[in-house]
2 protein chains.
Amino acid sequence: MKPTIYDIAREAGVSATTVSKVINNKGRISEKTRKKIMEIIDKLHYQPNVLASAMKGKSTYTIALLIPDAANPIYAQYLKYIEEYGQEFGFSVVMCSTGSDPEKEAKHITLLKQKRVDGFIIASVFKNEPVLRQLIEEEIPLVLISLHRSELPVGSVAGDDYLGGYIATEHLLSLGHCRIGIIAQEETVSGTERVRGYEKALINAGIELDKNLIRTTTDLTIEGAQLCARELLASGQRPTAIFGCNDTLAIGAMLAAKELGIKLPDELSVIGFDNTVMCKIVEPQLSSIAIPIHEMGRQAMGLLIQQIEQKDNMKQRIALLPELVVRQSTARLNDSIKYST
Amino acid sequence: MKPTIYDIAREAGVSATTVSKVINNKGRISEKTRKKIMEIIDKLHYQPNVLASAMKGKSTYTIALLIPDAANPIYAQYLKYIEEYGQEFGFSVVMCSTGSDPEKEAKHITLLKQKRVDGFIIASVFKNEPVLRQLIEEEIPLVLISLHRSELPVGSVAGDDYLGGYIATEHLLSLGHCRIGIIAQEETVSGTERVRGYEKALINAGIELDKNLIRTTTDLTIEGAQLCARELLASGQRPTAIFGCNDTLAIGAMLAAKELGIKLPDELSVIGFDNTVMCKIVEPQLSSIAIPIHEMGRQAMGLLIQQIEQKDNMKQRIALLPELVVRQSTARLNDSIKYST
DNA sequence: CTGAAAGCGCTAACAC
DNA sequence: GTGTTAGCGCTTTCAG
């Protein structure tokens, strides 16, 4: 069997307490015994049992990350950076795909509470409001990523979607576009914020909003976006630019345009959001709005650790600023088109 | 504080033992007391402490997945399906990015052993051989994904890379190509197996191998592949088709070709491997070899659970067969080119 | 059918 | 500096 703290104690001719103290660097231990104990630990390949120490009220050094879909590159990136940063502090992260299903959300949370994880990071979508409130009530450390709950006292990290939407639209405006379509994600706060930014930019530019140019979809696949964009482009007064509220949506729009024989970027500019790897492999390369995912992951983990380690949890909301990344899918409005539509 | 089994016992006027039995469906309990206990459990929102039960020799119902990089779509998919399947059996999965760094690998494993995870799934790359052997020696449940160690007694799941390489090459041959270049990943067994399949297909077709057509790289980024492909295409006798040993490599080749003004697929056919989402968004859409990742994840988790639950661990090696997915990046060799080179 | 007692491996008071 | 004692919350013999 695996050696226990008692095996070490016996071998070293001391008590278990002393060994425990050495392991945790607590109390005063003579150099001599410390050294001796250390040697024995090495010799026997002793590994402290985290479970046992967790039972004495210590941390499990494990946190949970809940995301809608692990295979989605964006979430995968959150995961990566959260794990990377957590690792530095000895935290492991257990990943849970919820599939945006409230029942699964609840099941995961219950199970993980039973396993006594130290805290939760929830990203992007969480539908089960009662469970969320419960978590907060029980004062279980919790941080939200890109998940707005302004009415709840909970720490969070998010990109500034409103500003992002504004910047994207302004970029298109600056290229001379006036009829700008938008394909947005329904039901999420991020989604509506991006639309708000878009509207604000148009209003600031003195352009009247046209409801026909705003489309929303719940289907976030390329195909879904393609459908949406097809309608948008087939309408009488077709837009000269499209803002896809995420890269997938934007790429769907690009494909729809190609299908209809519309040339990019000469006859149509397209801009995305999130600046994923996909931007660089489509043709033309997709302009996009970058949010520093790396930073979001780190900050979220940082906030959570803070809550776990100190009881006086100072909760914070952090908003990270987006940046415009110009590539080849956006171009100055071609005059010939401007007047022909 | 959270209620314990004793709180339930007191409330129900029975002993903790009885409550434990009810929770675990063990021993014989009268319907009456069972019902009563259940009610109290509900009323008090009692949640069994998995840590405590794990300390009595039970499982932690937590397994670890080690992958080189969580942000890589392929690994993210493994993760997704493993988690999805594990969930059905109450298993949580903690995800660890190793960055292919032997030290990190060791650190992770040590930490997770201390946390008493029930088993490990290791995917794609694991450099720290001693740690791997140690794991096997300690009889800790372990399954490998796409990670060949034929000399080690360990269960594994993998795509048949040799066959995949063969099929990809045969597809190009069937289109009339004879000068087929290959860009391969260095150092991995999967990589060399795919090359072997490629060579075998050529030999079977009676075509002499040309070392100049085989390039390997350790840089698995698109840019790295692009560099590699540029050399390949700039050489005197340029190939009329390229087999990229994964989609990223293939896309790098496509970009290099475009850069050099080579038309796809008329002047050059390209095929990838893995059939990732990227295939559908590049232009022309990339033909590729599909391995059923979904199935790989499930099988791996299944194998692991088997090892965890029964001590008589029947280890298995499972090879999943690849399939050709033809899209637009591969086309019949154009005769005009055939004779002009 | 039910319960008393022992102990998993560790830590935290509190002595000495 | 070091050891004794008493649990953390649960499960598991073994009696009744």
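All figures in this text were calculated on a predicted structure; none of them were measured in a lab.

Asks: Got a sec to walk through the packing of aromatic side chains? Specific residues and values, please.
Replies: The geometry of an aromatic ring pair is captured by two quantities: the separation of the ring centres and the angle between the planes. Applying the stated criterion across every chain, the model contains eight aromatic pairs over all chains. With a centroid separation of 6.2 Å and 35 degrees between ring planes, the pair formed by Tyr75 of chain B and Tyr78 of chain B is classed as tilted. Here Tyr75 of chain B pairs with Tyr78 of chain B, and both are found in helix H5 (residues 73–88), just three residues apart, close to one helical turn. No difference in accessibility class separates Tyr75 of chain B from Tyr78 of chain B, as the two residues are buried. Seen from the ring of Phe273 of chain A, Arg194 of chain A lies directly overhead, with NZ or CZ sitting 3.7 Å from the centre.

Asks: Just give me the short version of the relation of the copies chain B and chain A, but keep the residues and values in it.
Replies: Here two copies of a chain appear, and what relates them is a rotation about an axis with a shift along it. Turning chain B through 180 degrees and shifting it by 0.0 Å along the axis lays it on chain A, with an RMSD of 0.1 Å. Such values leave the two copies arranged in the relation of a two-fold axis. Considering only C-alpha atoms, the part of chain B nearest the rotation axis is Val94 of chain B, at 1.9 Å. A symmetric contact is evident, with 100% of the interface residues of chain B recurring at the interface of chain A.

Asks: Can you tell me about the packing of helix H10 (residues 222–234) of chain B against helix H11 (residues 247–259) of chain B, naming the residues and giving the values?
Replies: Residues and elements named next belong to chain B. It is the contact of H10 with H11, at a shortest axis distance of 7 Å, that shows an interaxial angle of 55 degrees. Here H10 lies oblique to H11, going by the angle between them. As for how H10 packs across H11, the hand of that crossing is right-handed. Along the contact surface, H10 presents Ile222, Ala225, Gln226, Ala229, Arg230 and Leu233, while H11 presents Thr248, Leu249, Ile251, Gly252, Ala253, Leu255, Ala256, Ala257 and Glu259. Classifying every residue of the contact of H10 with H11 by side-chain character gives ten nonpolar, three polar and two charged.

Asks: Describe the protein's contact with DNA strand D, and please don't skip the residues or the numbers.
Replies: In the vicinity of DNA strand D, 26 residues are found, and the nearest of them are Thr17, Thr18 and Lys56 of chain A together with Ile5 and Tyr46 of chain B. Sugar plus phosphate: this is where 61% of the atoms of DNA strand D within 4 Å of the protein reside. Separating a phosphate oxygen of DNA strand D from a side-chain N or O atom of Thr18 of chain A is a distance of 2.6 Å. Take Ser20 of chain B: an N or O atom from its side chain is 2.8 Å from a phosphate oxygen of DNA strand D. Broken down by secondary-structure element, the contributors of at least two residues to the surface near DNA strand D are helix H2 (16–24) of chain A together with helix H1 (5–12), helix H2 (16–24) and helix H4 (50–55) of chain B. When the residues that make up the surface near DNA strand D are grouped by side-chain class, the tally is eight nonpolar, twelve polar and six charged.

Asks: A description of the interface of chain B and chain A should follow, citing residues and the corresponding values.
Replies: Contacts between chain B and chain A engage 48 residues on the former and 48 residues on the latter. Asp69 of chain B serves as the salt-bridge partner of Lys80 of chain A, at 3.1 Å between the closest nitrogen and oxygen. For the pair chain B and chain A, the number of links is 20 residue pairs in polar contact (both at pLDDT 80 or more). Elements represented by at least two residues in the side of chain B that touches chain A include exactly H4, H5, strand S2 (92–97), helix H6 (102–114), H10, H11 and helix H12 (278–281) of chain B. Its residues assigned to classes, the side of chain B that touches chain A comprises 23 nonpolar, twelve polar and 13 charged. Two strands pair when backbone bridges link them, and strand S2 (residues 92–97) of chain A and S2 of chain B are joined in this way by three bridges, in the antiparallel orientation. The residue of S2 of chain B that forms the bridge with Val94 of chain A is Val94 of chain B.

Asks: Quick one: what's the story with the protein's contact with DNA strand C, residue by residue and with numbers?
Replies: Residues in contact with DNA strand C amount to 25 residues; listed here are only the nearest, Ile5 and Tyr46 of chain A together with Thr18, Lys21 and Lys56 of chain B. Restricting attention to atoms of DNA strand C within 4 Å of the protein, one finds that 62% of them are sugar or phosphate atoms. Between a base nitrogen of DNA strand C and a side-chain N or O atom of Thr17 of chain A, the distance comes to 3.1 Å. A distance of 3.0 Å is found between a phosphate oxygen of DNA strand C and a side-chain nitrogen or oxygen belonging to Thr33 of chain B. Broken down by secondary-structure element, the contributors of at least two residues to the surface near DNA strand C are helix H1 (5–12), H2 and helix H4 (50–55) of chain A together with H2 of chain B.

Asks: So what's going on with H1 of chain A? Which residues, and what values?
Replies: All names here are of chain A. For H1, the set of buried residues is Ile8, Ala9 and Ala12. Buried positions in H1, seen along its axis, are confined to an arc of 100 degrees and lie on one side of it. Structural note: H1 exposes Tyr6 and Arg10 on the side pointing more than 90 degrees away from its buried face. Each element contacted by the buried residues of H1 is listed here: H2 and helix H3 (31–43). Its side-chain oxygen placed 3.0 Å from the backbone nitrogen of Tyr6, Thr4 serves as the N-cap of H1. Where H1 terminates, the next one or two residues include Gly13, which has phi positive at roughly 70 degrees.

Asks: Would you mind going over empty space enclosed by the protein in detail, with residue names and values included?
Replies: Under the definition given, this model contains four cavities of 30 Å³ or more. In this model, the largest cavity occupies a volume close to 210 Å³. If you trace the largest cavity, you find 16 residues lining it, with Leu51, Thr62 and Lys115 of chain A together with Thr62 and Lys115 of chain B closest to the centre. Going through the elements one at a time, H4 of chain A together with H4 of chain B are the ones with two or more residues in the lining of the largest cavity. Residue composition of the lining of the largest cavity, grouped by class: ten nonpolar, four polar and two charged. Here the second largest cavity defines a volume of roughly 50 Å³. Every residue lining the second largest cavity is listed: Pro73, Val277 and Met278 of chain A together with Pro73, Val277 and Met278 of chain B.

Asks: Break down unusual backbone geometry for me, citing the residues and quoting the values.
Replies: Residue and element names in this part refer to chain A. In this model, Leu264 is joined to Pro265 through a cis peptide bond whose omega is -5 degrees. Here Pro265 is to be found in the loop between helix H11 (247–259) and strand S9 (269–271). The phi dihedral of Asn25 falls on the positive side, at around 50 degrees, and the residue is not glycine. Position of Asn25 among the secondary structure elements: in the loop between H2 and H3. Even without a glycine there, the phi angle at Ser124 is positive, about 70 degrees.

Asks: Outline the sheet that holds strand S8 (residues 241–244) of chain B, supporting the account with residue identities and numerical values.
Replies: Residue and element names in this part refer to chain B. Spatially, S7-S6-S8-S9 is the arrangement adopted by the four strands of the open sheet, whose pairing is parallel. At either end of the open sheet lies a strand with only one pairing partner, and these are strand S7 (214–217) and strand S9 (269–271). Between one strand and the next, the sheet's axes are offset by a mean angle of 15 degrees, whatever the strand orientation. Relative to S8, strand S6 (residues 180–185) runs parallel, the two sharing four bridges. Within the sheet, the bridge partner assigned to Ile183 lies in S8 and is Gly244. Docked against the sheet, helix H8 (residues 161–174) engages S6, S8 and S9, running at close to 165 degrees with respect to S8. Packed on one face of the sheet, helix H9 (residues 189–204) meets S6, S7 and S8 and runs near 165 degrees to S6.

Asks: Which residues make up the UniProt feature "domain: HTH lacI-type" (unreviewed entry) in chain A, and what values do they have?
Replies: Here, the residues flagged by UniProt with the feature "domain: HTH lacI-type" (unreviewed entry) are residues 3–57 of chain A. Within the segment residues 3–57 of chain A, helix and strand shares are 65% and 0% respectively, and the terminal C-alpha atoms sit 22 Å apart.

Rules of the game
- Residues numbered from 1 in each chain as written.
- Chains lettered and ligands numbered in written order.
- Predicted model: local features only at pLDDT ≥ 70, side-chain atom pairs only at ≥ 80, totals over all residues.
- Heavy atoms only, no water.
- Phe/Tyr/Trp six-rings, centres within 6.5 Å; stacked < 30°, edge-to-face > 60°.
- Helix = DSSP H or I, 4+ residues; strand = E, 2+ residues; numbered from the N terminus.
- Buried < 20%, exposed > 50% of the residue type's maximum accessible area, 1.4 Å probe, protein only.
- Lys NZ or Arg CZ within 6 Å of the ring centre and 35° of its normal.
- Least-squares fit on C-alpha atoms with pLDDT ≥ 70 in both.
- Contact = heavy atoms within 4.5 Å.
- Axes fitted to C-alpha atoms, helices over the stretch in contact; angles between N-to-C directions.
- Parallel < 35°, antiparallel > 145°, perpendicular 65-115°, else oblique.
- Left-handed = near helix turned anticlockwise from the far one by under 90°.
- Nonpolar A, V, L, I, M, F, W, Y, C, P; charged D, E, K, R; others polar.
- Near = heavy atom within 4 Å.
- Polar contact = N/O pair within 3.5 Å; in protein donor to acceptor, adjacent residues only side chain to side chain.
- Salt bridge = Lys/Arg side-chain N within 4 Å of Asp/Glu carboxyl O.
- Pairing = 2+ DSSP bridges.
- Arc of directions from axis to C-beta.
- 1 Å grid on protein atoms, 1.4 Å probe; cavity = no way out; pocket = protein on both sides within 12 Å on 5 of 7 lines; lining within 4 Å.
- Points joined across faces, edges and corners; volume = space filled by probe spheres on them.
- UniProt positions renumbered as here; feature names shortened; annotations may be inferred.

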